[in-house]
Every structure is written in structure tokens, then in C-alpha cells.
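Coordinate inspection notes
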Amino acid sequence: GAVVSQHPSWVICKSGTSVKIECRSLDFQATTMFWYRQFPKQSLMLMATSNEGSKATYEQGVEKDKFLINHASLTLSTLTVTSAHPEDSSFYICSARMAGLNTGELFFGEGSRLTVL
Amino acid sequence: SQQGEEDPQALSIQEGENATMNCSYKTSINNLQWYRQNSGRGLVHLILIRSNEREKHSGRLRVTLDTSKKSSSLLITASRAADTASYFCATDVRYSTLTFGKGTMLLVSP
């Protein structure tokens, strides 16, 4: 149980286009989902926290108009990288906090590797 | 901003040996968690230790927490080649988000 699915797992796009990444909790409801960005051989940097039905909370330095986050249901959050540029190339990982589970554990997706040409 | 700092940054050992990774953090925490990441993959939760706990075991894993020193250690006993991965500590400060350290890359050679 507690599976988080991310799609697509990898995507290549041209500079200036927008890319949407989906994060789904397959067998549980996620009250909160988190989006992280990871550069090669580095740690995960929290980009934003999204709660179902409300606006995402972005970390300092993350452009909310650049990285649009929508959390329309208890099982789906999306991250849209708008007008992508090569510097947006990275590994994006989502995680979900299970509703009713108060252990603090997060369940992670497999990540989405974005390459902007 | 980074909360946890792991050391060593990289660790190379032989199968059967024990691997110890350390994590230091800066602020008070509710709990500390260790995650594993295989190259290019998502993170897998290994173990969680609460701020009022000092030691916890799970299979071949042993985690300690010293809140006075703001540090934690992860011990993997009798390591296997399949344990090769990056290991991250993460601190839970607000019961809402996790802040990850820089990670330790562990290489276990057959």
C-alpha cells in the first residue's frame, strides 16, 4: 500500500514550452502533497506544499508563476513548469502525507526527470 | 535551507561490513527520519525516530538520536551490495514539512 505515482517519469521539451507533471496517491488520500526539486548528486529542495482545495505555499525563492501547482483532489496534485528554460532541467519529486496517518512519514513518487533543450 | 548535514558525503565498504552515517541538524525537531534513494529514483522511507526516543531498530538498521547534540546516526549492519544507494536524513520540525540533508552516497562492493 501507500503508493505514489508520478507521471511522466521523464520528459524532454523545447525551451519556452510548458510541462505538466502529475502526482497521484493510488491507494490512499493525501491531504498534503509536497514538491521537491533535486539537482544531480544533491539533496532535495522543497519547492512548495499543496493542500487539497487551497493554494499552494511556496518556499522562498520559488516563483509561483513559474511553477504552477494544483491540488484538485485528495489523490492528485500537478506541477506545471511554465515557459521552461534549460535551467529548469532537473529531477522533480513529489511526496504525499497520508490522511489520518500522524507518524510524519511521507510517501514519495519515483520522480520526473525534466530536460529542457 | 538545509537543516540536516550528513557525513560522510560518500562511503565505500565491502559486503558484510557495517556502514555508519551521521546527521546533524540545527533546530529542535519533532522527529527525524532516514530515507534511501537509488540512483534516479524516488525516496523510500526507512525509519522514523521521535524526539523523545534515543534508539530504534528495524531489521539491519539501527538509528540513534541525541537531541542534546542535535545529531543522529544510521547504522546498517552486515551490508549487502543491494544497500548501495544514497541515504538522507530528514527533520520534521513543524509536523508539516520535511527538510532533507545533503545525503551520504553508500557504495557496497561485493
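A few points on the structure. Everything quoted here is computed from the prediction, not taken from an experiment.

**Notes on the overall build of chain B**
Helix and strand content of chain B: zero helices and 11 strands. A compact globule built from 110 residues would reach a C-alpha radius of gyration of about 13 Å, and chain B, at 13 Å, matches this within 12%. With the C-alpha coordinates aligned to their principal axes, the bounding extent of chain B is approximately 40 × 30 × 20 Å. Burial statistics for chain B: of 110 residues in total, 46% are counted as buried.

**Brief notes about the sheet that holds strand E1 (residues 4–7) of chain A**
Residue and element names in this part refer to chain A. Spatially, the four strands line up as an open sheet ordered E1-E3-E8-E7, and their pairing is antiparallel. Across the chains shown, the open sheet's two edge strands, defined by having one partner strand only, are E1 and strand E7 (67–73). Shown here is a sheet whose adjacent strand axes are inclined to one another by a mean of 15 degrees, direction ignored. By the bridge criterion, six bridges tie strand E3 (residues 19–25) to strand E8 (residues 76–81) in an arrangement that is antiparallel. Paired with Glu22 across the strands is Thr78, a residue of E8.

**Section: a nonpolar patch on the surface**
Taken together, the side chains of Trp10(A), Ile12(A) and Leu117(A) present a nonpolar region at the surface, about 390 Å² in accessible area. Mapped onto the secondary structure, Leu117(A) falls in the segment after strand E11 (112–116).

**Side note on the pairing of strand E5 (residues 44–51) of chain A**
Side-chain direction in a regular strand flips from residue to residue, so the side chains alternate between the two faces of the sheet. Residue and element names in this part refer to chain A. The buried fraction of E5 amounts to six of the eight residues, a majority that puts the element mostly inside the structure. Taken together, the seven bridges between strand E4 (residues 30–38) and E5 define a ladder with antiparallel strand orientation. Of the residues in E5, the one forming a bridge with Arg37 is Met45. Alignment of E5 against strand E6 (residues 57–58), held across two bridges, turns out to be antiparallel.

**A short note on the interface of chain A and chain B**
Between chain A and chain B, the residue contacts involve 20 residues of the former and 22 residues of the latter. Of the roughly 1600 Å² buried at the junction of chain A and chain B (both faces included), carbon and sulfur atoms supply 52%. Of all residues in chain A, Ser43(A), Phe108(A) and Glu110(A) bury the most surface against chain B, accounting for 27% of the area lost on that side. Linking chain A with chain B are one salt bridge, by the criterion used here. When the shortest N-O distance is used, the salt bridge between Arg41(B) and Glu110(A) registers 2.4 Å. On inspection of chain A and its partner chain B, the count reaches seven residue pairs in polar contact (both at pLDDT 80 or more). Breaking the side of chain A that touches chain B down by element, the ones donating at least two residues are E4, E5 and strand E9 (90–98) of chain A. A total of four residues in the side of chain A that touches chain B trace back to one element, the largest contributor, which is E5(A). Taken together, the residues that form the side of chain A that touches chain B break down as nine nonpolar, seven polar and four charged.

**A short note on the pattern of salt bridges**
For the structure on display, the rule yields six salt bridges over all chains. Of the charged contacts, one joins Lys56(B) and Glu53(B) as a salt bridge, the two residues approaching to 3.9 Å between their closest N and O atoms.

**Remarks on unusual backbone geometry**
Among all residues save glycine, negative phi is the norm, and among peptide bonds the norm is trans. In this model, His7(A) is joined to Pro8(A) through a cis peptide bond whose omega is 0 degrees. Positionally, Pro8(A) belongs in the loop between E1 and strand E2 (10–13). The backbone of Lys41(A) shows a phi angle near 60 degrees, a positive value even though the residue is not glycine. Residue position: Lys41(A) is located in the loop between E4 and E5. Phi is positive for Lys70(B), which is not a glycine, with a value near 50 degrees. Mapped onto the secondary structure, Lys70(B) falls in the loop between strand E7 (61–66) and strand E8 (71–76). The exposure class assigned to Lys70(B) is partly exposed, which follows from its relative accessible area of 27%.

Definitions and limits used
Residues numbered from 1 in each chain as written. Chains lettered and ligands numbered in written order. Predicted model: local features only at pLDDT ≥ 70, side-chain atom pairs only at ≥ 80, totals over all residues. Heavy atoms only, no water. Helix = DSSP H or I, 4+ residues; strand = E, 2+ residues; numbered from the N terminus. Rg over C-alpha atoms; globule rule 2.2 N^0.38 Å. Buried < 20%, exposed > 50% of the residue type's maximum accessible area, 1.4 Å probe, protein only. Pairing = 2+ DSSP bridges. Axes fitted to C-alpha atoms, helices over the stretch in contact; angles between N-to-C directions. Patch = residues over 30% accessible without salt bridge, like charges linked within 9 Å, V, L, I, M, F, W, Y side chains within 5 Å. Areas by Shrake-Rupley, 256 points an atom, 1.4 Å probe, with all protein chains shown as cover. Salt bridge = Lys/Arg side-chain N within 4 Å of Asp/Glu carboxyl O. Contact = heavy atoms within 4.5 Å. Buried area = accessible area lost by both parts, 1.4 Å probe. Polar contact = N/O pair within 3.5 Å; in protein donor to acceptor, adjacent residues only side chain to side chain. Nonpolar A, V, L, I, M, F, W, Y, C, P; charged D, E, K, R; others polar.

Purely geometric numbers; function is a separate question.
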